[in-house]
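# Fold and contact review
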Amino acid sequence: MPELTLFYSPRACSLACHIALEEAGLPFTAKAVRIRKGEHRLDDYLAQNPWGKIPALRVDDEVLTETHAILTYIGETAAPGSNLIPKNNPLARARAHEWMNFLSSTVHLAFRPLFRPNYLISDPKLYPQLREVGIPNLKKTLLEVDRRLEGRNWALGDTYSVCDPYLLVFHIWSQREDVIEHVADMPNWKSHRQRIDERAATQVALAREGVTAENIRLK
Ligand SMILES: N[C@@H](CCC(=O)N[C@@H](CS)C(=O)NCC(=O)O)C(=O)O
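Residues numbered from 1 in each chain as written. Predicted model: local features only at pLDDT ≥ 70, side-chain atom pairs only at ≥ 80, totals over all residues. Heavy atoms only, no water.

### Things to note about the site of the ligand
In the vicinity of the ligand there are 15 residues, among which Lys53, Ile54, Glu66, Thr67 and Tyr119 approach most closely. Contact between the ligand and Ile54: a nitrogen atom at 2.8 Å from a main-chain N or O atom of the residue. At a separation of 2.8 Å, an oxygen atom of the ligand approaches a polar side-chain atom of Thr67. Alone, the ligand offers 510 Å² of accessible surface; in the complex the protein occludes 88% of this. Of the residues contributing to the shell around the ligand, the split by class is eight nonpolar, three polar and four charged. Here the shell around the ligand spans two domains, and each of domain 1 (4-82) and domain 2 (90-199) adds at least three residues to it. (Near = heavy atom within 4 Å. Polar contact = N/O pair within 3.5 Å; in protein donor to acceptor, adjacent residues only side chain to side chain. Areas by Shrake-Rupley, 256 points an atom, 1.4 Å probe, with all protein chains shown as cover. Nonpolar A, V, L, I, M, F, W, Y, C, P; charged D, E, K, R; others polar. Domains from an automatic or database assignment.)

### Observations concerning the domain arrangement of the protein chain
Looking at the protein chain, the domain boundaries give domain 1 (4-82) and domain 2 (90-199). Using only C-alpha atoms to locate each centre, domain 1 and domain 2 end up separated by 20 Å. Of the residues lining the interface, 18 residues belong to domain 1; the matching set on domain 2 comes to 17 residues. Together, Glu23, His68 and Leu71 form the three largest contributors to the area buried by domain 1 at its contact with domain 2, with a combined 34%. Put simply, Glu23 and Arg199 hold a salt bridge, and the shortest N to O gap is 2.8 Å. Taken together, the connections running from domain 1 to domain 2 amount to four residue pairs in polar contact (both at pLDDT 80 or more). Those elements that provide at least two residues to the side of domain 1 that touches domain 2 are α1 (14-24) and α3 (67-77). (Contact = heavy atoms within 4.5 Å. Buried area = accessible area lost by both parts, 1.4 Å probe. Salt bridge = Lys/Arg side-chain N within 4 Å of Asp/Glu carboxyl O. Helix = DSSP H or I, 4+ residues; strand = E, 2+ residues; numbered from the N terminus.)

### A few points about the side chain of Gln175
Relative to the helices and strands, Gln175 resides in the loop between α7 (163-174) and α8 (177-180). At 2.9 Å, the side chain of Gln175 and the side chain of Ser174 are in polar contact.

As structure tokens, then:
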């Protein structure tokens, strides 16, 4: 069994990998690299991951980056019965990658005009214009997630997979005080959130990250 170390920042997209590792029952060490404190830009972390982004998963002597890749690795490494990534059904497996790619590219980036406008434009005077385009796009993108969850317990239907904790990350972000006012009701995603909140693995990872009911709200 390889030695695993997850580098995470509380409530960042790394939370998906954190929960997935708990679900997989794989032994791992969790190391906090707090983005808010700029720790992802310090030499200690850059020595692990020169790209300086979170998450990263050290697997023995190698470092894997990208949430989609890390979740895939966790799903493929978990015990055979765990079904965290569908094994014998190519279409179901492709659906898992469809979700993860949609979440890592389209959904994650839809938050950028609100969370990181400085990554998109240099002049802060233009931020309102960026929000004018970005907010309706975020709302539309989140509603698309909600539409895709209709009639499903989990992202892939009846079976929990690594896609589900990834969905939780963006639901948490969507409930932030500065975002929630721009977001429509998302009843399917809200039920999904309630189901995932009840899982022991979610609770363990959230507690380790210091995320409490006070700092994440559910509309
Ligand atoms: N494509 C990467 C994105 C990673 C990423 O941007 N992570 C954020 C946290 S959610 C980060 O490291 N932000 C710090 C920064 O950009 O300085 C993935 O899906 O893992």
